[in-house]
Every structure is written in structure tokens, then in C-alpha cells.
Amino acid sequence: MTDNTNNVAEEGFRMPGEFEPHDGCWMLWPERKDVWRLNAAPAQKAFVEVACAISKSEEVTVAVSDQQYDNARTMLPEHIKVVEMSSNDAWMRDIGPSFLTNDSGELAAVDWDFNAWGGEDGGLYPDWSKDSRVAQKVCEITDATRFDAPLVLEGGSIHVDGQGTLITTKECLLNRNRNPDLNQHQIEQLLRDYLNVERIIWLDQGTVEDETDGHIDNLCCFIKPGVVALHYCEDPNDPQHAISEDAYRILSNSTDARGRQLKVVKLPHPGPLFISKEEATGIDDNEDSQPREEGQRLAGSYANFYIANKHIVFPKLDPEKDDKAAAILAEQFPDREIIGVPAREILLGGGNIHCITQQQPTVKNTK
Ligand code: KQY
């Protein structure tokens, strides 16, 4: 059902934090040859590993085109559901619904407008018509009431604590290629209306060379209310250092909607990582695709992990730093097992584990 009002708050809905219980996780299947090298085979293997890791503690559903159905069904174990659904690429975080729940045990979701990360002004592909219908399709399958929001926004550009606080970046949400007719105040109002949040914390920039224009999910995330994990580069000569330091300063001087001063936990910086010649040549270029050239910097970040019910699924990106990232996550999430998945193939597509997943929160049992 579509609810064309924006009565999210009146109906008691809120977007739960990712660390709250999930009924499941939604993913898409990668197949674009101009994004995923070698006919997407290495990326498909990485997506399977992510889905398997998440499925250890929650149900996973992977949406796949008809052309790839047999391949996906064969590559994914039986306990992972595979449903047919068209899309232009495989970023469920960004094109899927942002789920909401309320105390009456109802599930709803916000269906944002999508323009492939910038439309004609820097967008990543020219036809996103299939992506635009994914959120509605997922709402129908899950019986979630759909709130259709008049705002261009990708799910990876916001993080919430489920208790009234939202973090985002100006680089993305105030970018002229998203909502050129809305000012900061109007964008804030829509976030309040559709997500029922009270406190919005604006960071300036996201991770260096992030083709999403600075998604928050590649820079930081809530570990729990009051605590944020931040991608932090210690090298003062690296441009990421100033960005991370600025984010650290803003976050640690911020209070959340409940008045808590935020605590910031630093995650190491993988690399810096660059595309190799072999990786660059495996992509099927065409006039619509994003250039992927040898030596280009990749926007690698350990903050781009997924919080499953009993596991943290984090991207392994740099053998010299993976263990440190895992140890920090283990300390911060004592009740969850930490699983690292080799994720360079996902990073080559421009995002990571958080970007390819979308949690469906558990609705409260009112009986
Ligand atoms: O950061 C994300 N949430 C998604 C990355 C999308 C990259 C598109 N090539």
C-alpha cells in the first residue's frame, strides 16, 4: 500500500538503527559488465560470500534479473532466497526502501527518488529507470506501507541511531546534482518528516574519490546510540586525513537527539588503494560507463560494514590493516561474531558491503 501523506511521525513510525533486530536482509545481484570486471564473475563470488555471512544470523533475499536467475540460483546456497527483479545495477542500500517500524507492529518504508548518484550532472549511468522501481517492488513483497518521498536520496547517504539522530554529509545531500531546488532547511524538513528524526548532524565531506559524492556509509556509522565508528586516516599527507579529522571534530563535539555527547571510535584506513592495470582492463568500457583506469584511487573504507543480527560482516581490503579493523569491531560489538569478507571486487564497483545490503527491521510483536 502506498501512503501519499507524510504522516510517518503521526503513525508512530521511525527508522530503527541497523544494530536493532532484523527480519532479514535484501541484496541485488551484480551483472553489469561495464561496472563489474570479467563479466561480473569475481564480484558475484564476493556477493555470494557476503550473503552467506549475513545468512548465518538472518534471512537473506537476493533480487536478480531473469537472465542471471539460473546463475545466481546455482551460485547461492538453497537457504538464501532468490527472487526475480530488474535493476540497473546492484546497490540495494541506495535504491532499496529505507524501512520504518512502529510500536503497533507495522512495517513501512520510505521510497526516495533516485537519479543514479547525480543524474545528468555527474550521475554514474544514464538509465536508472529499473533501479527507480526496486523500492516499490520490495515494499510490495514485504507488505510494507510505502511513503513516497519527494527527495532525491540514496540510502547510503544517511545513517540513523533509531533514537532521533541522523548523520549525513553536505557533499552529498546538498550537492546541486541531487535536489537543486531545495535548500538545507527544506532538506532537513523532509528528513524529519519522512524519518521522524529530530537531530541532524552534518559532516562536510565523505571519503576521498567516492563516486557517490561523499556517502556517509563509506565514512562512518552508528555502532549503537551515542557511539560512532569513523574511517580515520592517520597520515597527515593523505587528503583523507583532513576530512576524517574534521568529521572527528564535528562528531565528538555533537550531542544526539537524546542529549548524549557522541563518542567516536576510529577505524584504520585501508591502503591507500589503487586500481591495478589488470583490474582496469577487465571492465567492458562503453560510452555510458564510468572510467576505471589503472592508478585511480579507490574509496576503500572499513566503515562500510553490515550489522547482522549476530554478526558484523566487514570488508577485508588490506592485509596489513584487516586484523586491526577486525579487533576494533570485536571490541565494539562484543555480542556479535566478526566476519571479514574479501571485498576488493565490490570496491572496484564503487562501494562496499553496506552499499550492497539493506536490512529489513523486525516489527514489534504486539500480541
Ligand atoms: O556508497 C554506496 N552506498 C553505494 C556505492 C554505489 C557506487 C556505484 N557505482
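Refer to the structure printed above.
Everything numeric here is computed off the predicted structure, so don't read it as measured data. (Residues numbered from 1 in each chain as written. Predicted model: local features only at pLDDT ≥ 70, side-chain atom pairs only at ≥ 80, totals over all residues. Heavy atoms only, no water.)

Participant: I tried to follow the site of the ligand on my own but got confused; where do I start?
Facilitator: Inspection of the region around the ligand gives 13 residues, with D94, E211, H215, G349 and C355 positioned closest. One of the side-chain N or O atoms of D94 is found 3.1 Å from a nitrogen atom in the ligand. Against a free-state accessible area of 300 Å², the protein chains account for coverage of 98% of the ligand. More than half of the atoms belonging to the ligand lie within 2 Å of the grid points that define the largest cavity. Looking at the shell around the ligand, its residues break down into four nonpolar, six polar and three charged. (Near = heavy atom within 4 Å. Polar contact = N/O pair within 3.5 Å; in protein donor to acceptor, adjacent residues only side chain to side chain. Areas by Shrake-Rupley, 256 points an atom, 1.4 Å probe, with all protein chains shown as cover. 1 Å grid on protein atoms, 1.4 Å probe; cavity = no way out; pocket = protein on both sides within 12 Å on 5 of 7 lines; lining within 4 Å. Sits in = over half its atoms within 2 Å of the grid points. Nonpolar A, V, L, I, M, F, W, Y, C, P; charged D, E, K, R; others polar.)

Participant: Could you clarify how one ought to interpret the sheet that holds strand 14 (residues 306–307) in this entry?
Facilitator: Remark on secondary structure: sheet strands pair via backbone hydrogen bonds, oriented parallel or antiparallel. Read across the open sheet, the three strands follow the order 14-15-16; overall the sheet is mixed. For this open sheet the edge positions go to strand 14 and strand 16 (337–342), each flanked by a neighbour on one side alone. Note: strand 15 (residues 311–316) against strand 16, six bridges, orientation parallel. Residue pairing for strand 16: I312 is matched across the bridge by I338. Contacting strand 14, strand 15 and strand 16, helix 1 (residues 41–54) crosses the sheet at an angle of about 170° to strand 16. Against the sheet, helix 9 (residues 322–332) contacts strand 15 and strand 16, and its axis sits at roughly 160° relative to strand 15. (Pairing = 2+ DSSP bridges. Helix = DSSP H or I, 4+ residues; strand = E, 2+ residues; numbered from the N terminus. Contact = heavy atoms within 4.5 Å. Axes fitted to C-alpha atoms, helices over the stretch in contact; angles between N-to-C directions.)

Participant: Can you help me understand the pairing of strand 10 (residues 199–203) in this one?
Facilitator: Taken residue by residue, a regular strand's side chains alternate between the two faces of the sheet. Counting buried positions over the five residues of strand 10 gives four, a clear majority of the element. Across five bridges, the pairing between strand 9 (residues 165–169) and strand 10 is parallel. Its bridge partner lying in strand 10, T168 is registered against W202. (Buried < 20%, exposed > 50% of the residue type's maximum accessible area, 1.4 Å probe, protein only.)

Participant: Looking at this structure, how should I read the sheet that holds strand 9?
Facilitator: The three strands are arranged 8-9-10 in an open sheet whose pairing can be described as mixed. In this open sheet, the two strands that pair with only one neighbour each are strand 8 (159–160) and strand 10. Contacts from helix 6 (residues 184–195) reach strand 9 and strand 10, with the element oriented near 130° to strand 10.

Participant: Where do I start with the side chain of E58 in this structure?
Facilitator: Locating E58 in the fold gives a position in the loop between helix 1 and strand 3 (59–64). There is a polar contact of 2.5 Å between the side chain of E58 and the side chain of Y306.

Participant: Looking at this model, I keep getting lost on the packing of aromatic side chains. Mind explaining?
Facilitator: Each pair of aromatic rings is reported with the distance of its centres and the angle of its planes. Evaluation of the coordinates by the stated rule reveals eight aromatic pairs. Centroid distance W117 to Y125: 5.7 Å. Interplanar angle 85°. Geometry classified as edge-to-face. Side by side, W117 and Y125 carry an identical accessibility label, which is buried. Consider the rings of F305 and F333, whose centres lie 5.9 Å apart with planes at 80°: the pair is edge-to-face. Remark: F333 occurs in the loop between helix 9 and strand 16 and F305 occurs in the loop between helix 8 (277–281) and strand 14; sequence separation between them is 28 residues. With respect to burial, F305 and F333 carry one shared label: buried. (Phe/Tyr/Trp six-rings, centres within 6.5 Å; stacked < 30°, edge-to-face > 60°.)

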